[in-house]
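Chain by chain, the residues run as shown.
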Amino acid sequence: MDRERVVVLTGAGVSAESGLRTFRDGDGLWEEHRVEDVATPEAWERDPELVLRFYDQRRAQVIAAGPNAAHTAIARLETAHEVDVVTQNIDDLHERAGSTRVMHLHGEILLARSTADPRLITPVNGPTLRLGDRCALGSQLRPHIVWFGEAVPLIAEAAALVARADRLIIVGTSLQVYPAAGLVHALPPGRPIHLIDPSDVPLRSASVEHIKQKASIGMPMLASRLLGEA
Ligand code: OAD
């Protein structure tokens, strides 16, 4: 079997069966919280404690969660292929499952960064980040998260990976949030796309195979096939 370049684009659905809630499903996080209150620069200006509390909850849940069969199947693809995971998720479940190349488009919940210099990034010790936690320059630390209204610094690098991929796998994302959703269009025409999601997702193309399953079922099935086992 030829070694292929595979990009796996993931969203909240890949971690749903690890107990981490998605954003836009019926019980999603955005049903309970307004984006404008917790995930924008304006929210941080207005009420940083509320923003910190929201991300503290996310961090505690990520620490308590573990990877599921979908994360493991994605990691297993590396035994035969060149795999880059491009994830919108802020959890570290791909890394804990064993994936070695993971790009976090929307940041990482276990990291904090300086409000004075975005290049100063530091691990969060434990589940909470508090007002008064400061960077080396003495400025308040904020969650290392890309908020709505902010640029996605890694998007060009991600698009370059997709542009040279032989195959794209999309797992558990509603493809509602740009620029991440637009990455699909960086794939050269005719290259296969596999979409794993129990719901309909707005992606119309002749080269899409929709595996209408939960990630923990669909991803191991697809991995077995791409590893020549099934
Ligand atoms: P969404 O909540 O928008 O979409 C989750 C997708 O996962 C939906 O298409 C569901 O059908 C699917 N899904 C649910 N359970 C699943 C399962 N067990 N297996 C497979 N798929 C399942 O989440 P994202 O598309 O990741 O950004 O959202 C994108 C971005 O919007 C997030 O990164 C976050 C959010 O606001 C920021 O906060 C910046």
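Q: How do you make sense of the layout of surface pockets when you look at a structure like this?
A: Considering only enclosed or pocket space, the second largest pocket measures out at about 220 Å³ in volume. If you go around the second largest pocket, the residues you meet are His104, Leu105, Gly107, Arg113, Pro118, Ile121, His144, Val146, Glu150, Ala151, Pro153 and Leu154. Considered class by class, the residues forming the lining of the second largest pocket number seven nonpolar, three polar and two charged. Of the domains in this structure, domain 1 (1-20 + 66-106 + 151-230) and domain 2 (21-64 + 108-145) are the two that each give at least three residues to the lining of the second largest pocket.

Q: Hey, could you run me through the sheet that holds strand β5 (residues 121-123) in this one?
A: As a general point, the strands of a sheet are linked pairwise by backbone hydrogen bonds and lie either parallel or antiparallel. Strand order in the open sheet formed by three strands is β5-β4-β6, and the pairing between neighbours is antiparallel. Both edges of this open sheet fall to β5 and β6 (141-145), since each of them pairs with a single strand only. On average, each strand axis in the sheet is tilted by 45 degrees relative to the strand beside it, whichever way the strands run. Note that strand β4 (residues 107-114) and β5 share three bridges and pair antiparallel. Residue pairing in the sheet places Ala112 in a bridge with Thr122 of β5.

The rules behind each value
Every chain's residues receive numbers from 1 upward, in the order its sequence appears when written. Local features are withheld for residues below a pLDDT of 70 in this predicted model, meaning they are given only at 70 or higher, and side-chain atom pairs are given and counted only at 80 or more; totals for whole chains, interfaces and linings count all residues. Heavy atoms from the whole structure form the basis of all side-chain values; hydrogens and water molecules are not counted. As defined here, a cavity is a set of points on a 1 Å grid over the protein atoms alone where a 1.4 Å probe fits but cannot get out. A pocket is an open set with protein on both sides within 12 Å along at least five of seven lines, and residues line them when an atom is within 4 Å of a point. Grid points are joined across faces, edges and corners, and a volume is the space filled by probe spheres set on the points. In this count, Pro and Cys sit with the nonpolar residues alongside Ala, Val, Leu, Ile, Met, Phe, Trp and Tyr, while Asp, Glu, Lys and Arg are called charged and the others, Gly among them, polar. An automatic or database domain assignment supplies the start and end points of every domain. Criterion used throughout: strands pair if DSSP finds at least two bridges between them. Each helix corresponds to a stretch of at least 4 residues labelled H or I by DSSP, and each strand to a stretch of at least 2 residues labelled E; elements are numbered beginning at the N terminus. What counts as an axis is a line fitted to C-alpha atoms, over the stretch in contact for a helix, and the angles between N-to-C directions run from 0 to 180 degrees.

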